[in-house]
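Architecture and fold: a report
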Amino acid sequence: MKKINHSEEIKTTRVGGFGGSDAAMVLEIAERISTGQQLTTTQKHRLLQLKGLETRPEFDSPEIQAGRAFEDEVAKVLDAKEWDRETFMQPKPNTTMASRQNFRVFAHADFWNPKTNTVTECKWSRKFNHEGLEKQYAAQLQWYYMLGADAVCLCSDTADGRKTTDITRDDKMVELLKMSLETIDEVFPNIDLTITEKGINELPPKVARLIAEIETITKTMAKEEEMLKTKKAELLAYMDGNDLTKVWSNTASVSYTAPSSSVGFDAKKFEADHADLFAAYRTKLTKKAGYLTVKINKNEE
């Protein structure tokens, strides 16, 4: 069974083209372009990598290592004379798929049988079951059909065990992938790839320290606000129960306002029912200063 330097080839071919692992993103990018939405930062980074303006960072994890080990085990089972491992696939020459103006289209098949033109794709996961994996990688599996495969098989390893599933060709998905590539190709030179979001590893050390300090202060304030809320509730109950409207110390005072009700104005409903009148009275321009919104991940609290 032939095996090439797969990781190095993937790194090289990502410049200048979309591979099978990009299938779902291709659909998402085309959808955003068609609906006039800005691309996400992740999508912009992928296109910058495609243009050779960025280098894809190296990724490794226990899950990735487990996936490689699973693929090695599958290789031992398949007939080495019939199957080629980690095969680079491209569209047939002189086809629409092969004539993209701004990028190439390709795939790296885990295993390919040249006699039957069959692709076997291996997926390892403890997050998805077999059906979940088939759904999660539906676009990538149909990508092989788009490139001309006659049959595609998913070999999966999940918490439920191992399973081999024959993937039926989905003509609608294949056509959608082709149309999405055309959509991207048509506007490719004019896509705005300005990055306005950066992770902490991309920032100067001074700015990274600022973020860490703000995070620490925000966490402290959140705990103190919760404690303050509890203490104020206790004091409110005391004042309400003792008919007090104000208590004080030498340095502070606390006033109690009894519950009340008032009639509000439903601006949204008024706008919906009387749009012209609402617009006529909406003449005041209000300026707001820029501000920061700090969110703390719950699993980091």
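Because the structure is a prediction, the values reported are computed rather than measured.

Examining the pattern of salt bridges
If charged atoms from side chains of opposite charge come close, those side chains can pair. Here the structure, examined in full by the defined rule, presents 14 salt bridges. We note a salt bridge from arginine 100 to aspartate 185, for which the minimum N-O separation is 3.2 Å. Of the two residues, arginine 100 sits in the loop between β2 (84-89) and β3 (104-105) while aspartate 185 sits in helix α7 (residues 171-187), which places them 85 residues apart along the sequence. For the pair arginine 100 and aspartate 185, a shared accessibility class is recorded, and that class is buried. Across the pair glutamate 131 and lysine 163 runs a salt bridge whose closest N-O atoms are separated by 3.6 Å. In this pair, glutamate 131 sits in helix α5 (residues 130-136) while lysine 163 sits in strand β7 (residues 161-167), placing the two residues 32 residues apart along the sequence. Using a relative accessible area of 35% as the deciding quantity, one classes lysine 163 as partly exposed. The network of salt bridges with shared partners includes Glu71, Asp72, Arg85 and Glu86.

Let's talk about the packing of aromatic side chains
Enumeration over the complete set of coordinates arrives at five aromatic pairs. Taking 5.7 Å as the distance between ring centres and 65° as the angle between the ring planes, the aromatic pair formed by phenylalanine 103 and phenylalanine 188 counts as edge-to-face. Here the residue phenylalanine 103 occupies a position in the loop between β2 and β3, and phenylalanine 188 occupies one in the loop between α7 and α8 (205-241), the gap between them amounting to 85 residues. Residue classification places phenylalanine 103 among the buried positions, given a relative accessible area of 5%.

Scoring rules and cut-offs
Residues numbered from 1 in each chain as written. Predicted model: local features only at pLDDT ≥ 70, side-chain atom pairs only at ≥ 80, totals over all residues. Heavy atoms only, no water. Salt bridge = Lys/Arg side-chain N within 4 Å of Asp/Glu carboxyl O. Helix = DSSP H or I, 4+ residues; strand = E, 2+ residues; numbered from the N terminus. Buried < 20%, exposed > 50% of the residue type's maximum accessible area, 1.4 Å probe, protein only. Phe/Tyr/Trp six-rings, centres within 6.5 Å; stacked < 30°, edge-to-face > 60°.

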